[in-house]
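# Observations on the three-dimensional arrangement
Here is how the chains run, residue by residue.
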Amino acid sequence: MKIIKFITCPVLFVLCLFSCHKEPYEDIENKIRVVVECNIPKAPVHIFTSGYQVTVKGGWEQQFVTKDEYIGVEATCEDSDALITVEVYVNGHLKDEVSGNGWVNTRYIRLK
């Protein structure tokens, strides 16, 4: 019984230390660039992403810095014939590109 207590106490102590440890990636900032294009220049496109909700016509490009863990982009157009293309770059690297008519949604991209 003493052996179990002797082993259990140090193991719990080590687990407690690691659970309180701050992850080194929590303060990492990622530079995000989102590019949205529509093949019908006069069709309004509604764009939803981290911190942004805008309506544009034709095309849109935005850069921002974030400490978020994930990012995703959704773009919709009332004209179902409109071809929407969304590109998401993280730190200069293309991470996702999707195209579709009327509505597109990128996958959630893990940043950390």
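Below, the structure is looked at part by part. These numbers come from a predicted model, not from an experiment. (Residues numbered from 1 in each chain as written. Predicted model: local features only at pLDDT ≥ 70, side-chain atom pairs only at ≥ 80, totals over all residues. Heavy atoms only, no water.)

### Quick word on the environment of Asp81
- Note on placement: Asp81 falls in the loop between β6 (74-77) and β7 (83-90).
- By relative accessible area, which is 57% here, Asp81 ends up exposed.
- Distance in space between the C-alpha atoms of Asp81 and Ala43 is 9.9 Å, their sequence separation being 38 residues.
- Apart from the residues lying within four places of it in its own chain, the contact partners of Asp81 are Asn39, Ile40 and Asn101. (Helix = DSSP H or I, 4+ residues; strand = E, 2+ residues; numbered from the N terminus. Buried < 20%, exposed > 50% of the residue type's maximum accessible area, 1.4 Å probe, protein only. Contact = heavy atoms within 4.5 Å.)

### What to know about the pairing of strand β8 (residues 93-101)
- Examined bridge by bridge, β7 and β8 share eight bridges and lie antiparallel to one another. Directly across from Val88, in β8, lies its bridge partner Asp96.
- Here β7 folds back onto β8, and the loop between the two strands holds two residues, one of which, Asn91, carries a positive phi near 50 degrees. (Pairing = 2+ DSSP bridges.)

### Thoughts on the sheet that holds strand β1 (residues 30-38)
- The strand order across the open sheet built from four strands is β4-β1-β7-β8, with neighbouring strands paired in antiparallel fashion. Whereas interior strands pair on both sides, the edge strands pair on one side only; in this sheet they are β4 (59-66) and β8. Across the sheet, the axes of successive neighbouring strands diverge by a mean angle of 10 degrees, strand direction being ignored.
- When β1 meets β7, the two strands line up antiparallel, connected through seven bridges. The residue bridging Ile32 from the neighbouring strand is Val90, located in β7. (Axes fitted to C-alpha atoms, helices over the stretch in contact; angles between N-to-C directions.)

### Digging into the packing of aromatic side chains
- What the rule picks out here adds up to zero aromatic pairs.
- The ring of Tyr89 carries the charged tip of Arg33 above its face, separated from the ring centre by 4.5 Å. (Phe/Tyr/Trp six-rings, centres within 6.5 Å; stacked < 30°, edge-to-face > 60°. Lys NZ or Arg CZ within 6 Å of the ring centre and 35° of its normal.)

### Notes on the sheet that holds strand β2 (residues 44-49)
- Taken together, four strands build an open sheet; the order of strands is β3-β2-β6-β9 and the sheet is antiparallel. Across the chains shown, the open sheet's two edge strands, defined by having one partner strand only, are β3 (52-57) and β9 (103-105). When the angles between neighbouring strand axes are averaged without regard to direction, this sheet yields 15 degrees.
- Sheet topology note: the β6/β9 ladder contains three bridges and is antiparallel. Following the sheet pairing, Thr76 is matched in β9 by Trp103.

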